[in-house]
Amino acid sequence: MIEYVGVSKRFDAHPVLDHIDLTLKDREITYIIGSSGTGKSVLVKHAVGLLRPDAGRIRIDGQDVTDLNEAGWRDIRKRYALVFQHPTLFDSMSLLDNVALPIRKHQGLSREAARQSARDFLERVDMDSKADLMPAEVGPSERKRVAIARSLTLSPDCAILDEPTTGLDIVASENIDAMIRDLAHRMRKTVIVVSHDLRSIFGVADRIVFLYKGRIRLDGPPAAFRDADDPIVRQFVRGDPAGPMET
Ligand SMILES: Nc1ncnc2c1ncn2[C@@H]1O[C@H](COP(=O)(O)OP(=O)(O)O)[C@@H](O)[C@H]1O
Ligand SMILES: [Mg+2]
């Protein structure tokens, strides 16, 4: 469970998060949505200590982690699979070896044992049949799935995926959506997804948190979102991800 209590963050004179109160529950698929540049990535980076709040507290499973040092955060981060928008794989290694590498490093397994374990992780994201291909030989959604498999090797409780379907075609996005559901329902992870892909949001989310001008404008299940009267929310649901024109 991740709690934000009155969290504010600004960059220079520009306020990005304005007294955010938010609790992200275990075993839920929560989508953090909002137009580009509203602070979605900034919000999730606070949950893993990549950014520190100017004011407010962050608690993880009841522990106040706001003032942890870097070593403390490194321990916390082991509980997360963190996949940002452009995950990178090693181009000169097969998909299998990309996943085997952190397994060898962190579990001290032999090369063969690590590769066997890596195959199991690739199977979870339905990429085992392509294990021996190189990153350049597969598509962007497949590379993303491999990056997610790699991030799962440390047995995290929670996966944070930042814009996992942005830039992918519909078929590739649907593959990622299916994998997100699988992470939550079969692997029993907490999943936090940053997105503005409406198709994915309505197809997958248990809960939607809509960020607008530094505040949470709406927080609820997809139905609450679809039926909202709020014109700002309606504009977003109609599919204008840029939001109202700024003047
Ligand atoms: N490390 C940083 N330093 C300065 N400004 C930043 C930093 N990270 C994000 N910002 C600014 O904060 C705002 C929100 O960014 P971000 O969370 O990345 O938006 P998005 O909702 O698209 O993920 C943007 O105006 C961005 O330029
Ligand atoms: Mg972002």
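Residues numbered from 1 in each chain as written. Chains lettered and ligands numbered in written order. Predicted model: local features only at pLDDT ≥ 70, side-chain atom pairs only at ≥ 80, totals over all residues. Heavy atoms only, no water.

Colleague: Is there a simple way to think about the site of ligand 1 in this case?
Modeller: Around ligand 1, the neighbouring residues are Phe11, His14, Val16, Ser35, Ser36, Gly37, Thr38, Gly39, Lys40, Ser41 and Val42. Threonine 38 has a polar backbone atom sitting 3.2 Å from an oxygen atom of ligand 1. Between an oxygen atom of ligand 1 and a main-chain N or O atom of valine 42, the distance comes to 2.9 Å. In the complex, 59% of the free accessible area of ligand 1, which totals 560 Å², lies under the protein chains. Residue contributions to the shell around ligand 1 peak at 3 residues, all from helix α1 (residues 40–47). (Near = heavy atom within 4 Å. Polar contact = N/O pair within 3.5 Å; in protein donor to acceptor, adjacent residues only side chain to side chain. Areas by Shrake-Rupley, 256 points an atom, 1.4 Å probe, with all protein chains shown as cover. Helix = DSSP H or I, 4+ residues; strand = E, 2+ residues; numbered from the N terminus.)

Colleague: Would you mind going over the nonpolar core with me for this structure?
Modeller: When a protein is soluble and globular, its nonpolar side chains tend to lie buried together. In this structure, Tyr31, Ile180, Leu183 and Phe210 are the most contacted members of the largest nonpolar core, which totals 49 residues. Sorting elements by how many residues they give to this core places helix α6 (residues 170–185) first, with 6 residues. Not counting residues within four places of it along the chain, the set of residues in contact with leucine 183 comprises Ile148, Leu152, Ala159, Leu161, Arg188, Lys189 and Val191. Among the nonpolar cores identified, the runner-up in size contains 28 residues, and Val7, Ile20, Val44 and Trp73 belong to it. (Core = buried A, V, L, I, M, F, W, Y, C linked by side-chain atoms within 4.5 Å. Buried < 20%, exposed > 50% of the residue type's maximum accessible area, 1.4 Å probe, protein only. Contact = heavy atoms within 4.5 Å.)

Colleague: Before we go on, may I ask you to explain the pairing of strand β2 (residues 14–24) in this structure?
Modeller: On a regular strand, each side chain points to the face opposite its neighbour's, so the side chains alternate between the two faces of the sheet. Two strands pair when backbone bridges link them, and strand β1 (residues 2–11) and β2 are joined in this way by 7 bridges, in the antiparallel orientation. By the bridge assignment, valine 7 is partnered in β2 with isoleucine 20. A loop of 2 residues connects β1 with β2, the two strands running antiparallel in sequence, and aspartate 12 in this loop sits at a positive phi of about 55°. (Pairing = 2+ DSSP bridges.)

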